[in-house]
Amino acid sequence: MTNNDIELEIRETAILTELLDTVTESRRLIAQHQAIEAAALAQAGHIGAARSARLSARATLEREMPIRSIAAEFGTAMHVADRTAQAQINDAMSLVDDYPETFTALHEGRISRSHVNTILNAGAPLEGAEARAQFDHDVVKIAEVETAGRLRRFADALAETAQPRTLNERHLDAREERSVRVFALPDGMAQLEARLPGILAHGIFDRITQQARLIKNVRDAAPSPDANAPSDASPTDASPGASPAADSPSDTSPDASRAGAELDGATGAADRDVRTIDQIRADLLADMLLTSVPAAEPNEADGDGTLGAIRAVVQVTVPAATLAGTANIPADLAGFGPVDPETARTLAGGASGWDRVFTHPITREVLTVDRYRPSDALKRHLRARDQHCRFPGCRTAAVRCDIDHTIDAALGGATEARNLAHLCRRHHTLKHATPWRVVQHAGGVLEWTSPAGRIYTDKPPGVMFSPSPPDDHVHPDDHSGESPGFADALDHPLDANASHDDAPDRPLDTDAPLDADAPLDADPTTPTQLEGWSTACDPDDEPPWLRSAG
């Protein structure tokens, strides 16, 4: 190594030392400001709790309104969902009130927010101020010298030591938190998460593993066109303690034996099933949950009972060109995101009816909705326009929301598109039970005013793709040449509601019932109704069938 190389390394080492000091100081300041934010959120939570305590009402929902309103105020300001803001407020109150030594360590930059989250999660089951204080005192010493990942093991052990109750008692309480949730993933996928008692979760995994191995064993035993094809069998395919498939003949169910080609259209498995164990397990889970009837029925006197009559309902907006197979523009699943074209075409093919959605060629605003057998047209229009709850930041799909009168029906509010919007039950209640106020402007734009006087605007999402522009602007009443029926519809997206007619009614507006015989039920494809309206019209002008419905 030359003298120049040595001098260069010395200079680089000095620079790295300065950079390290900069990063270390930055992380200390970040931790300090996170502690300041936590203190502010905790104080906001205490104000909400004080307001709840002053209420004379005993109903839990009414007593929750002050903190929900505050969470909505902070959530909209921080650009996060109000549920997320409420969870952050609760965590901040727990940190400041129950773990003062951890809070001090965060404020001084001795630990990170990741350490705090690990401590809060481990200490959540602890009951009693004394147990939490002891845990706080012991765990913060370890947090200062360990990474957040390593801290979890020590924190769990310390929390178990500090527990005043037995594991059996705590398990009975933990069972009350069982739930199922779905999270969106990229590329048209999603993650289904179930929180269950451990024995049930492992039992479910073991059973679908045994069924998957049986399908795989039958597949592998069949003559193969390629005798040298490697097998994907592995000793790790089954969960610990899983029995060999040969020991469980009772698990050879029709659902398990059918699960191959039906659910694996993407692999072309009609000739050769090449799915892995993980893929077969996933297909079996989807097959059984979507097609089977639960054993525990609320009412078994009527055959399948109530649960057996429920069918999954999704709202998928598909470009007409994609549906016709002339384009591969992704569809849109309301409340989720893009759906691959092949899946969209499969859903549309099995739907009992399609909603045709007419959109503005420039703004992509939903103008109206129709179908060949008109029914509940106004509800369909609102679902296509809103797609999800219209409170800022909320993504609850419209099919799981109430239809709310912006101006209450009791106060003279009309049951028409310009006075209706989808709100999930949480935000529907928030609108009526707190000082939050909303005004609806043209095009379904909602202007929310918070109790602090801040204004938040929520616009309808519109469709997620741009319709292909027509070659030329053809007036709708020009019937020269081919029929404008389906070909004309190719410039408009279609909305396929799987099992739409068989789905049970969702809860609607608590103000007043929705009028299913609204004027929009008329078929807007009738030439006389479309007269004078084309894609080249003034964007601010209303189509005649909407104008006549007012």
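Numbers given to residues run from 1 along each chain, matching the order in which its sequence is written. Note on the predicted model: pLDDT of at least 70 is required for a residue's local features to be given, and 80 or more for side-chain atom pairs to be given and counted; whole-chain, interface and lining totals, by contrast, use all residues. Note that water and hydrogens are dropped before the side-chain values are worked out from all heavy atoms of the structure.

**A short note on the overall build of the protein**
Regarding its fold elements, the protein presents 19 helices and 13 strands. A burial count over the protein gives 37% of its 550 residues as buried. By the convention used here, residues are in contact when the closest approach between their heavy atoms is within 4.5 Å. In the protein, the proportion of contacts linking residues at least 24 apart, taken out of those at least 6 apart, comes to 60%. Just so you have it, the protein exposes about 31,200 Å², and 55% of that area is on carbon and sulfur atoms. In this description a helix means any DSSP run of H or I spanning at least four residues, a strand means any run of E spanning at least two, and both kinds are numbered starting from the N terminus. Relative accessible area decides the class of each residue, using a 1.4 Å probe on protein chains only: under 20% of the type maximum gives buried, over 50% gives exposed, and in between gives partly exposed. Areas reported here follow the Shrake-Rupley algorithm with a probe of radius 1.4 Å; residue values treat only the protein chains shown as occluding.

**Examining the sheet that holds strand β10 (residues 437-441)**
A sheet is described by the order of its strands in space; here three strands give the open sequence β10-β11-β12, paired in antiparallel fashion. Each edge of the sheet is formed by a strand with only one pairing partner; in this case those strands are β10 and β12 (455-458). Looking at each pair of strands side by side, their axes are set apart by 20 degrees on average, direction ignored. Taken together, the four bridges between strand β11 (residues 445-449) and β12 define a ladder with antiparallel strand orientation. Within the sheet, the bridge partner assigned to Trp448 lies in β12 and is Tyr456. We treat two strands as partners when DSSP finds at least two bridges between them. In this analysis, axes come from line fits to C-alpha atoms, helices being fitted only over the stretch in contact, and the angle between any two N-to-C directions falls in the range 0 to 180 degrees.

**Quick look at the pairing of strand β3 (residues 315-319)**
Counting buried residues in β3 gives five out of five residues, a clear majority hidden from the surface. Bridge analysis of β3 against strand β4 (residues 331-333) gives two bridges, and the strand direction is antiparallel. When the bridges of β4 are listed, Val316 appears paired with Leu333.

**Regarding helix α15 (residues 377-386)**
Burial within α15 is extensive, with 10 of its 10 residues counted as buried. Of the residues making up α15, those classed as buried are Ala377, Leu378, Lys379, Arg380, His381, Leu382, Arg383, Ala384, Arg385 and Asp386. Positive phi appears at Gln387, one or two residues downstream of α15, with a value of about 70 degrees.

**Section: the packing of aromatic side chains**
Centre distance within 6.5 Å is the pairing criterion for rings of Phe, Tyr and Trp, where only the six-membered ring of Trp is used; planes under 30 degrees apart are then read as stacked, over 60 as edge-to-face, and the remainder as tilted. Taken as a whole, this structure holds five aromatic pairs when the rule is applied. Each ring, one from Phe391 and one from Trp436, has its centre 5.2 Å from the other, and the planes form 65 degrees; the classification is edge-to-face. Of this pair, Phe391 sits in the loop between α15 and β8 (402-405) while Trp436 sits in the loop between α16 (425-433) and β10, placing them 45 residues apart in sequence. Residue Phe391 shares its accessibility class with Trp436, and that shared class is buried. Arranged with centres 6.5 Å apart and planes meeting at 35 degrees, the rings of Trp436 and Tyr456 form a pair that is tilted. Of the two residues, Trp436 sits in the loop between α16 and β10 while Tyr456 sits in strand β12, which places them 20 residues apart along the sequence. Summarising the burial analysis for this pair, Trp436 and Tyr456 share the class buried. Connected via pairs of aromatic rings, a cluster forms that spans Phe391, Trp436, Trp448 and Tyr456.

**Description of the environment of Arg153**
The residue Arg153 is located in helix α7 (residues 148-162) in this model. Among the residues examined, Arg153 registers a relative accessible area of 68% and is labelled exposed. Residues Arg153 and Thr118, spaced 35 residues apart in sequence, show a C-alpha to C-alpha distance of 9.7 Å.

**Focus: the state of the cysteines**
Two cysteine sulfur atoms form a disulfide, by the criterion used here, when they sit within 2.5 Å. Taken as a whole and assessed by the stated rule, the structure comprises zero disulfides. Sulfur of Cys394: no disulfide; nearest cysteine sulfur belongs to Cys389 and is 3.7 Å away. Residue class for Cys394 comes out buried when judged on its relative accessible area of 5%. With no disulfide of its own, Cys424 lies 3.8 Å from the sulfur of Cys389, the closest cysteine sulfur. A relative accessible area of 3% places Cys424 in the buried class.

**Quick notes on the confidence of the model for the protein**
Scored by pLDDT, the protein comes out at a mean of 75, with 69% of its residues at no less than 70. For the protein, per-element mean pLDDT is lowest for helix α18 (residues 527-530), which scores 31, and highest for helix α4 (residues 100-107), which scores 96. The low-confidence segment residues 231-270 (pLDDT under 50) makes 57 contacts with residues lying over four places distant or belonging to another chain. Per-residue confidence from the predictor is reported as pLDDT, which spans 0 to 100.

**Some points on the side chain of Asp404**
With respect to the helices and strands, Asp404 occurs in strand β8. Within the structure, Asp404 has its side chain in polar contact with the side chain of His432 (distance 3.2 Å). Definition of a polar contact: a pair of N or O atoms within 3.5 Å, with one able to donate and the other able to accept a hydrogen when the atoms are protein atoms, and with sequence-neighbouring residues admitted only if both atoms are side-chain atoms.

**Considering the side chain of His428**
Mapping His428 onto the fold places it in helix α16. Side-chain polar atoms of His428 contact the side chain of His432, separated by 3.3 Å.

**Digging into a nonpolar patch on the surface**
By definition, no residue in a patch forms a salt bridge, and every one has over 30% relative accessible area; like charges are joined within 9 Å, nonpolar side chains (Val, Leu, Ile, Met, Phe, Trp, Tyr) within 5 Å. One side-chain nitrogen of Lys or Arg within 4 Å of one carboxyl oxygen of Asp or Glu is enough to make a salt bridge. There is a patch of nonpolar side chains on the surface, built from Val180, Val182, Leu192, Leu196, Ile199, Leu200, Ile204, Leu285 and Leu289 and spanning about 860 Å² of accessible area. Of all the elements in the fold, those that place two or more residues in the nonpolar patch are β1 (179-185), α9 (198-221) and α11 (277-291). It is α9 that contributes the most residues to the nonpolar patch, three residues altogether. Within the element layout of this structure, Ile204 appears in helix α9.

**Points about the nonpolar core**
Ile89, Leu95, Leu106, Ile119 and Phe135 are the most contacted members of the largest nonpolar core, which has 31 residues in total. Elements supplying a minimum of two residues to this core: α1 (3-54), α2 (60-78), α3 (82-98), α4, α5 (113-123), α6 (129-143) and α7. Here this core gets six residues from one element, more than from any other, and that element is α1. Residues within four places of Phe135 in sequence aside, it is in contact with Tyr99, Ile119, Ala122, Gly123, Leu126, Ala155, Leu158 and Ala159. Joining through side-chain atoms within 4.5 Å is the link that ties buried Ala, Val, Leu, Ile, Met, Phe, Trp, Tyr and Cys residues into a set, and such a set is a nonpolar core. In terms of nonpolar packing, the next biggest core, distinct from the first, is built from 14 residues, Ala421, Leu423, Val438 and Trp448 among them.

**A word on unusual backbone geometry**
Here the phi dihedral of Asp187 falls at roughly 65 degrees; this positive angle occurs in a residue that is not glycine. Assessed through its relative accessible area of 78%, Asp187 is described here as exposed.

**Quick word on the packing of α2 against α3**
At a closest axis distance of 7 Å, the pairing of α2 and α3 adopts a crossing angle of 110 degrees. In this view, α2 runs roughly perpendicular relative to α3, as classed from their interaxial angle. Here α2 contributes Ile67, Arg68, Ile70, Ala71, Ala72, Phe74, Gly75 and Met78 to the contact with α3, which in turn contributes Asp82, Ala85, Gln86, Gln88 and Ile89. Polarity classes work like this: nonpolar for Ala, Val, Leu, Ile, Met, Phe, Trp, Tyr, Cys and Pro, charged for Asp, Glu, Lys and Arg, and polar for all others, with Gly in that last group. A breakdown of the residues in the contact of α2 with α3 according to their chemical character gives eight nonpolar, three polar and two charged. Any angle that is under 35 degrees is reported as roughly parallel, and any over 145 degrees as roughly antiparallel; angles of 65 to 115 degrees are reported as roughly perpendicular and all others as oblique.

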